[in-house]
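# Descriptive analysis of the structure
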Amino acid sequence: MAFGLAALLAAGVSAVSNPRPPSDFPVATDAKIEQVGDTVRLTMALSRPVAVTATVIAGPDRAVIDLPSVNFQVQPANARRGAGFVSAFRFGLFTADKARIILDLAQPALVTKAEIREMRGGFGELVVELKRAGRAEFQAAAAESAARAREASAPALPGAGKAPGETRQVVVIDPGHGGIDPGAVVASISEKSVVLAFGTALKRKLEASGRYVVRMTRDDDRFVPLQERVAIARAAGADLFISIHADSLTQAQEVRGATVYTGSERATDAESARLAAKENQADAVAGLESEEGVQDIAGILMDLAKRETRTFSSVFARNLVERLGGSVKMHKVPLRSAGFRVLSAPDVPSVLIELGYMSSPRDAELLNSESWRLQAVSAVEAAIDGYFERERTPAGKAAAAVIAPKE
Ligand SMILES: [Zn+2]
């Protein structure tokens, strides 16, 4: 029975929100992981040879294998398996032109081989081998990888502020997770697909009204780092940032309903703090180093801007709870706050909506139903309309003025 529901839900979601990678990507199949003597070996068949690089990252310890874009046709269940000191591995598109495989290490290990063998018929085979290493040796390799990554990276951001003469409000929708980071997974449904379907429907609805310019932090199944999501909103000159999630609780299937969160250093309750900590792990899940403290723009003015922005965020969050509550089931404490990193833009009012709990069979069914989605999307739109009508000083502008000029 549970299986039947899962299969049904999976079929419904994939049609909307699992855009297939371009067909000209090489295809990876037949992932196999095994221990041979003191070596753990991962192999995958490829439709043609590609370039491969390997690095290691400490805390949590992982080995990271980078490839150009690859269309992974590998059963996700295979990847949950580990072998020897590799407890599990996962894979997915990391950026538009990069794919990544991450191996979780239960003990320090080094990549002793990462190569593509050319096979007959123009095919390729990825072969990755790892051997256990001492802690010091592993740390040294991780430090070297981190230094190389810092040199190489300066992320390019799409868009730059409002177009000249644009008077409509800019709303940035942020479907959580994506690519290598599936978010909560219940049966065969992943949070990343559910929230992308919702975000896409919300974008369509808002655009149809003609009142808003709408941008999304991702509109397909790709990974976007948390700081980049914030940066996209700021670069777009966003008046409002809405992050969409759908959590899961392993222990409590009866907990259900939607919750609206705002950002704050102090969480309103322990459950919210735990949830924020989990969502903040998204970068680590995808094998990114934490970038804590990267954006420290400047003391007191920033604090002031933040306070302004927070006031606007709260106003919008209350609007949302009111409107959503009129048409969908809400959590018993529907308005809360915690330290979500994705809600950290100092000058863009930001909220995070947990649409419901995928761990609740009833919620899971609703989250995937077209009629529920349209109802909830309409409620969010009404909340956005109400917010911009109520605030005569367009939200965010007061904050922006404090820290001007905004880049
Ligand atoms: Zn999430």
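Since we're looking at a predicted model, the values are computed, not measured. (Residues numbered from 1 in each chain as written. Predicted model: local features only at pLDDT ≥ 70, side-chain atom pairs only at ≥ 80, totals over all residues.)

With respect to burial, helix α5 (residues 226-235) is a largely interior element, seven of its 10 residues being buried. All buried positions along α5 are accounted for by Leu226, Glu228, Arg229, Val230, Ile232, Ala233 and Arg234. In this structure, the buried residues of α5 make contact with β10 (169-175), β13 (212-216), β14 (240-247) and α7 (282-285). (Buried ≥ 20, exposed ≤ 12 C-beta atoms within 10 Å, placed from the backbone. Helix = DSSP H or I, 4+ residues; strand = E, 2+ residues; numbered from the N terminus. Contact = placed C-beta atoms within 7 Å.)

A separate point is the sheet that holds strand β15 (residues 258-263). Spatial strand order, β13-β10-β14-β17-β15-β16: six strands in an open sheet with mixed pairing. The open sheet has two edge strands with one neighbour each: β13 and β16 (330-338). Geometrically, the sheet is characterised by an average inter-axis angle of 20° between neighbouring strands, direction not taken into account. Examined bridge by bridge, β14 and strand β17 (residues 350-357) share six bridges and lie parallel to one another. Residue pairing in the sheet places Ile242 in a bridge with Val351 of β17. (Pairing = 2+ DSSP bridges. Axes fitted to C-alpha atoms, helices over the stretch in contact; angles between N-to-C directions.)

With that out of the way, let us pick up unusual backbone geometry. For Asp30, which is not a glycine, the phi torsion comes out positive at approximately 55°. Mapping Asp30 onto the fold places it in strand β1 (residues 27-36). Judged by C-beta crowding, with 13 C-beta atoms within 10 Å, Asp30 ranks as partly exposed.

The first and last C-alpha atoms of helix α4 (residues 191-209) sit 27 Å apart over 19 residues, in line with the 27 Å expected at 1.5 Å per residue. Just downstream of α4 lies Gly210, where phi reads positive at about 75°. (Expected span 1.5 Å × (residues − 1).)

In this model, the chain carries an average pLDDT of 81, and 80% of its residues clear a pLDDT of 70 or more. Contacts for the low-pLDDT stretch residues 153-160, under 50 throughout, to residues beyond four places or in other chains number nine contacts. Low pLDDT, under 50, characterises residues 392-407; the stretch is placed with 33 contacts to residues that sit more than four places away or in other chains. (pLDDT = per-residue confidence, 0-100.)

So, on to the sheet that holds strand β5 (residues 71-72). Spatially, the five strands line up as an open sheet ordered β5-β1-β2-β9-β8, and their pairing is mixed. A single partner strand is all that each edge strand has here, and the edge strands are β5 and β8 (109-118). With eight bridges joining them, strand β2 (residues 39-46) and strand β9 (residues 124-132) adopt antiparallel strand pairing. Considered in β9, the bridge of Thr39 is made with Lys131.

Let us look at the pairing of β15. Burial analysis of β15 places six of its six residues in the buried class, the great majority of the element. In β15, alternate side chains face the same way, and those of Ala258, Val260 and Thr262 on one face and Thr259, Tyr261 and Gly263 on the other are all buried. Pairing of β15 with β17, which is carried by three bridges, proceeds in the antiparallel orientation. Across the sheet, residue Val260 finds its bridge partner in β17, namely Ile353.

So, on to the nonpolar core. Grouped together as the largest cluster of nonpolar side chains are 103 residues, with contacts concentrated most on Ala63, Val171 and Leu320. Broken down by element, this core gets its largest block of residues, eight residues, from α4. Among the domains, domain 1 (26-152) and domain 2 (169-289 + 297-403) are the pair contributing at least three residues each to this core. Sequence-distant contacts of Val171, that is, excluding residues within four places in its chain, are made with Leu206, Tyr212, Val214, Ala238, Asp239, Leu240, Ile242 and Ile384. (Core = buried A, V, L, I, M, F, W, Y, C linked by C-beta atoms within 7 Å. Domains from an automatic or database assignment.)

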